[in-house]
Amino acid sequence: MRTLAEELETLAKKEGARLFGVAPVERFKGAPQGHHPLDFLPEAQNVIVIGIPIPKRIINYHTLLKDSQIITGDFRQEYLQRYFYQVTGYDTINQRLEQIALLLTLFLEDRGIPTIYFPPTYGPYKDIQDRVPGQVGIFSMRHAATRAGLGEFGFNNVVVTPKYGPRVRFTALITAAELEPTPLLKEKLCKGRSCMACVKQCGTGALKISENLTVEEMMWYDPVSRTDIKTCRTNRLQAFCYGKCLRVCPVGT
Ligand code: SF4
Ligand code: SF4
């Protein structure tokens, strides 16, 4: 007979997820006050994390329309970033994640198991995001993904996964369900200072490695770098580097 975790994973993957992991709430020690899984759901046992990769041809959008007679000049960069990649590599994936998270939440609620899910992004609600200090989410999908054994924080300040590198978007659910945990990642992925491709090729200088980094050989379950979100958002279109910090990473196939 299949376990509940196996049933959930099958349902999530049937609906389009490619990554699925379970993190017991004990792995969230040190979360900011008010943002621990138990703060959202006092009876929580686990956090379920699902991921959908960005298709390869989508993340490489910068190669498109080079010879177009219709989309030309500076408009090509704007078209590809603000419209093509924004929709196919971001909005559509996040919408799918939201739908899957809703399905899993209702599946668990039908069995009497309290569960809550989160939007994976602020999407069009930038005015709300701008009022949050640091413009962070109320529950960190990236921290949840590392704790669910799906990857580690790379120098690009996103979660690097074995199969897809950092080219994955995530969402999470907090649930009272008793589930078998996914083992934490044991193999180191980010190549650290011997690579630095993401930092060197960031077109705006928005990525900064944390100072006094002394954990080079450890698994990074917490960020080792910072992204100046304002600099990134304001300048990335002109620099034609939206998503470049994901594209240039050599991890994953
Ligand atoms: S999107 Fe561009 S500007 Fe922003 S961090 Fe990535 S490479 Fe840098
Ligand atoms: S590009 Fe290199 S340094 Fe940056 S996250 Fe990937 S492996 Fe790490």
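Residues numbered from 1 in each chain as written. Chains lettered and ligands numbered in written order. Predicted model: local features only at pLDDT ≥ 70, side-chain atom pairs only at ≥ 80, totals over all residues.

Taken together, the neighbourhood of ligand 1 is formed by 13 residues, with C202, T204, C232, C241 and C245 sitting nearest. Those elements giving two or more residues to the shell around ligand 1 turn out to be α8 (229-239) and α9 (244-247). Within the shell around ligand 1, the residues separate by chemical class into seven nonpolar, four polar and two charged. (Near = placed C-beta within 6 Å. Helix = DSSP H or I, 4+ residues; strand = E, 2+ residues; numbered from the N terminus. Nonpolar A, V, L, I, M, F, W, Y, C, P; charged D, E, K, R; others polar.)

Quick look at the nonpolar core now. Core analysis: the largest hydrophobic core is formed by 58 residues, its most contacted members being I48, V49, I50 and A172. When residues of this core are traced back to their parent elements, those giving at least two are α1 (4-14), β1 (19-24), β2 (46-53), α4 (74-110), α6 (141-147), β5 (159-160), β6 (168-175) and α9. In terms of residue count, α4 provides more of this core than any other element does, eight residues in total. Those residues within four positions of V49 in sequence are excluded, and the remaining contacts are G21, A23, A144, A145, A148, L150, F170 and A172. (Core = buried A, V, L, I, M, F, W, Y, C linked by C-beta atoms within 7 Å. Buried ≥ 20, exposed ≤ 12 C-beta atoms within 10 Å, placed from the backbone. Contact = placed C-beta atoms within 7 Å.)

Attention now moves to the site of ligand 2. Looking at ligand 2, there are 15 residues lining it, with G154, C190, C195, C198 and C249 nearest. Among the residues forming the shell around ligand 2, the class breakdown is eleven nonpolar, three polar and one charged.

A separate point is the packing of α1 against α4. At a minimum axis distance of 10 Å, the contact between α1 and α4 shows a crossing angle of 150 degrees. One finds that α1 runs roughly antiparallel with respect to α4. The handedness of the crossing between α1 and α4 comes out as right-handed. On α4, the residues touching L8, L11 and A12 of α1 are I100, L103, L104 and F107. Here the contact of α1 with α4 is built from residues that sort into seven nonpolar, no polar and no charged. (Axes fitted to C-alpha atoms, helices over the stretch in contact; angles between N-to-C directions. Parallel < 35°, antiparallel > 145°, perpendicular 65-115°, else oblique. Left-handed = near helix turned anticlockwise from the far one by under 90°.)

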